[in-house]
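Results of the structural survey
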Amino acid sequence: MKPSIPKGTRDFGPAEMVKRNYIFDTIKVVFKKYGFLPIETPSMEQLSTLMGKYGEEGDKLIFKILNSGKYLDGVDETAYSNKDVKKLTVGIAEKALRYDLTVPFARFVVMHQNELSFPFRRYQIQPVWRADKPQKGRYREFYQCDADVIGSDSLLNELDLMELMNEVFSNLNLNVTLLINNRKVLAGIAEVLDASDKMIDITVAIDKLDKIGIDKVKEELRVKGLTEDAIEKLSPLLSFTGDTAEKVALLKSMLSNSEIGCKGIEEIEKLFDLTSGLNFSHLNIQLDLTLARGLNYYTGAIFEVKVNEPAINFAGSICGGGRYDDLTGIFGLKGMSGVGISFGADRIYDVLDELKLFPAEASQSTKVLMVNFGEVESNYALTILRKLRAHNIAAEIYPDPAKLKKQFAYADNRAIPYVVIAGSDEIANNTFVLKNMSSGEQKTISINDDFQTIFN
RNA sequence: GUGAUUGUAGCUCAGUUGGUUAGAGCGCCUGAUUGUGGUUCAGGAGGUCGAGGGUUCGAGCCCCUUCUUUCACCCCA
């Protein structure tokens, strides 16, 4: 049989893992530095935990797990004859692979509320799965690196996360743009347009402004059932250009009759106030009134990070997040506001790779290879091997007494810088030959010499 | 979910209007060199041409189905 892996999944070889770990390690170091604590949750959740949290589209993209055993027993006959997939699904699949880390985190907080002290700061680095069609920057299995604070509605948390983002991207040596908006403002806009139920449609359409232009946005709004009057009211926002202060001023005049809208403006102003005077070396922070974000659960500030480099032909976001006021409420714990961000490790990888920003890896693993001549010689080599390892020098022995040519070729392919040769002559003299593979230089060393210094 | 695109040796790819036994480079194996790799030279192995069906005297090439790759849309990290 021909081996293969499922669509949209990938294997990672050693060279890729070194680079991936560089990203994970960089992010993790900053997470810890900001006082976030690690947790992990299972790959699969109850399907009911996940459904309805990510919007209509999101529900479809959740990987469902078929029940074990007689899973057909759960089939609803009428749902089957009506080909009602949605209803059928919940009958035959009660588990699903996690779609993000935020919803499982909310579930975790509710289940473990008595063991946690709030505000709770957690970080979580795990894969998530989405049944998307793969394409550039889009995988069916990818890692998210999340940091969330739950149990506090202070904007200091938003500020903290912004500083954290700056530090991560600074450490990755990547210049990015941080787009900020506020869901309350979007809700306010929908309210004054008299279309509160269409907030998602409106924001999704506005979000495309850069891409498809003002006329197409209006057309989409019309298709979504917005009145001409409402579209007219929205117009100044769509055609608006100006700095943050001017944007805020526009919003204030537009949303003066919306309580939630005013609250949103206030939050934006306060957040920008908090950041003023701070040096965000790698974050270009912008208020973007067209930023929407599709996930249903956001209620306050929303973030999205895009790469600045024009050389990168990838427009998607590499990091995103926001505030969710009541994500735990669905699981029975009210009044737990949270805010978090999520770094998309796989997209960051693609960007760093394209920009050649991965540090020259000091990643050669094995430093010394012990040549194997046979049983007697390998026993002698093993004692040297153990001594090397005792000095924290990464070393291995070629396991078979293969031809020297082959053993050297192996060292060469693996980029192992030193080879130790110890045959009968060396054993008789309590020595070994150390060969430097790049220079070809060989020297004889006594097994009693100081191993720490022989590689310098 | 919609629309394109791709699949030939381990890898990267040639393969003409359908016509004998499907090729190259790299890699791999063996030897030149029995205790010395990265260079060189000589030789060798390796393919159900993604899978299934069809048209044809004859299919890697044409048609259908399906899977896969890459990309755009939708949506998203």
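What you see is a predicted model; the values in this text were computed from it and never measured.

**Digging into the nonpolar core**
Taken as a class, soluble globular proteins show a tendency for nonpolar side chains to be buried jointly. Core analysis: the largest hydrophobic core is formed by 58 residues, its most contacted members being Ile 189, Ile 202 and Leu 234. Sorting the residues of this core by element identifies α2 (47-50), α6 (102-111), α8 (183-192), α9 (199-207), α11 (214-223), α12 (228-238), α13 (244-254) and α14 (259-275) as the ones contributing at least two each. With residues up to four places along the chain from it excluded, the contact list for Ile 189 reads Leu 234, Leu 237, Leu 251 and Leu 255. Ranked by size, the runner-up nonpolar core spans 43 residues in total, among them Phe 24, Leu 174, Val 176 and Leu 283.

**A look at the packing of α11 against α12**
Put simply, α11 and α12 touch, their axes get as near as 11 Å, and they point 150° apart. In terms of axis orientation, α11 runs roughly antiparallel to α12. Between α11 and α12 lies a crossing of right-handed hand. Along the contact surface, α11 presents Ile 214, Val 217, Lys 218, Leu 221 and Arg 222, while α12 presents Glu 228, Ile 231, Leu 234, Ser 235 and Leu 238.

**Focus on α9**
Regarding α9, the residues found buried are Met 199, Ile 202, Thr 203, Ala 205 and Ile 206. Projected down its long axis, α9 carries its buried residues within an arc of 160°, all on one side. Where α9 is buried, its residues contact α8, α10 (209-212), α11 and α12.

**Let's talk about the confidence of the model for chain A**
Per-residue pLDDT for chain A has a mean of 90; in total, 98% of the residues score no lower than 70. This complex was scored by the predictor with a pTM of 0.90 and an ipTM of 0.85.

**What to know about the sheet that holds strand β15 (residues 431-436)**
The mixed open sheet is built from five strands, whose spatial order is β13-β12-β14-β15-β16. Strands with a single pairing partner mark the edges of an open sheet, and in this sheet they are β13 (395-397) and β16 (442-446). Along the sheet, successive strands turn relative to each other by an average axial angle of 25°, direction set aside. Judged from the four bridges that link them, strand β14 (residues 418-421) and β15 form a sheet pairing that is antiparallel. Within β15, the position partnered with Val 419 by the bridge is Lys 435. Sheet contacts for helix α16 (residues 375-390): β12 (368-370), β13 and β15; angle to β13, the most-contacted strand, approximately 165°. Packing of helix α17 (residues 404-414) onto the sheet brings it into contact with β12, β13, β14 and β15, and relative to β12 it is tilted by some 160°.

**Considering unusual backbone geometry**
Note the cis peptide between Phe 118 and Pro 119, where omega equals -5°. Of note in the backbone geometry, Asp 194 takes a positive phi value of approximately 65° without being a glycine. Position of Asp 194 relative to the elements: it lies in the loop between α8 and α9. Using a relative accessible area of 72% as the deciding quantity, one classes Asp 194 as exposed. The backbone of Asn 430 shows a phi angle near 55°, a positive value even though the residue is not glycine. Residue placement: Asn 430 occurs in the loop between α18 (424-429) and β15.

**As for the side chain of Arg 121**
Inspection of the secondary structure puts Arg 121 in strand β5 (residues 120-129). Here Tyr 34 takes part through its backbone oxygen, which lies 2.7 Å from a polar atom of the side chain of Arg 121. Among the polar contacts listed, one links the side chain of Arg 121 to the side chain of Asp 160, at a separation of 2.5 Å. Leaving out residues up to four positions away in the same chain, Arg 121 has contacts with Tyr 34, Gly 35, Phe 36, Leu 37, Asp 148, Val 149, Asn 157 and Asp 160.

**Structural notes on the sheet that holds strand β3 (residues 64-65)**
A sheet is described by the order of its strands in space; here three strands give the open sequence β2-β4-β3, paired in antiparallel fashion. Whereas interior strands pair on both sides, the edge strands pair on one side only; in this sheet they are β2 (44-46) and β3. Bridging between β3 and strand β4 (residues 95-97) involves two bridges; their strand directions are antiparallel. By the bridge assignment, Ile 65 is partnered in β4 with Lys 95.

**Quick look at the packing of aromatic side chains**
Note on aromatic pairs: each is described by the distance of the centres and the angle between the planes. In total, this model carries 14 aromatic pairs according to the counting rule given. The interplanar angle of 55° and the centroid separation of 5.3 Å between the aromatic rings of Tyr 349 and Phe 358 together place this pair among those described as tilted. Overall, Tyr 349 belongs to the buried group, its relative accessible area being 11%. Of the aromatic side chains, those joined through ring pairs into one cluster are Phe 31, Phe 36, Tyr 123, Phe 169 and Phe 343. Here the basic side chain of Arg 10 rests over the ring of Tyr 139, its NZ or CZ set 3.6 Å away from the ring centre. Over the ring of Tyr 99 we find Arg 130, and its NZ or CZ is 4.1 Å from the ring centre.

**Focus: the layout of surface pockets**
Counted as a void, the second largest pocket has a volume near 220 Å³. If you trace the second largest pocket, you find it lined by Asp 153, Ser 154, Leu 155, Glu 158, Lys 184, Lys 263, Glu 266, Glu 267, Lys 270, Arg 323, Asp 325 and Ser 337. Here the lining of the second largest pocket is built from residues that sort into one nonpolar, two polar and nine charged.

**Section: the pairing of strand β6 (residues 141-150)**
The element β6 is largely enclosed, with a buried count of eight among its ten residues. The pairing of β5 with β6 spans ten bridges and is classified as antiparallel. Across the sheet, Gln 124 pairs through a bridge with Asp 146, a residue of β6. Looking at chain direction, β6 and strand β11 (residues 338-344) are connected through seven bridges and run antiparallel. Residue Ala 147 lies in a different strand from β11, and its bridge partner there is Ile 341.

Each value, and the rule that gives it
- Residues numbered from 1 in each chain as written.
- Chains lettered and ligands numbered in written order.
- Predicted model: local features only at pLDDT ≥ 70, side-chain atom pairs only at ≥ 80, totals over all residues.
- Heavy atoms only, no water.
- Core = buried A, V, L, I, M, F, W, Y, C linked by side-chain atoms within 4.5 Å.
- Buried < 20%, exposed > 50% of the residue type's maximum accessible area, 1.4 Å probe, protein only.
- Helix = DSSP H or I, 4+ residues; strand = E, 2+ residues; numbered from the N terminus.
- Contact = heavy atoms within 4.5 Å.
- Axes fitted to C-alpha atoms, helices over the stretch in contact; angles between N-to-C directions.
- Parallel < 35°, antiparallel > 145°, perpendicular 65-115°, else oblique.
- Left-handed = near helix turned anticlockwise from the far one by under 90°.
- Arc of directions from axis to C-beta.
- pLDDT = per-residue confidence, 0-100.
- Pairing = 2+ DSSP bridges.
- Polar contact = N/O pair within 3.5 Å; in protein donor to acceptor, adjacent residues only side chain to side chain.
- Phe/Tyr/Trp six-rings, centres within 6.5 Å; stacked < 30°, edge-to-face > 60°.
- Lys NZ or Arg CZ within 6 Å of the ring centre and 35° of its normal.
- 1 Å grid on protein atoms, 1.4 Å probe; cavity = no way out; pocket = protein on both sides within 12 Å on 5 of 7 lines; lining within 4 Å.
- Points joined across faces, edges and corners; volume = space filled by probe spheres on them.
- Nonpolar A, V, L, I, M, F, W, Y, C, P; charged D, E, K, R; others polar.

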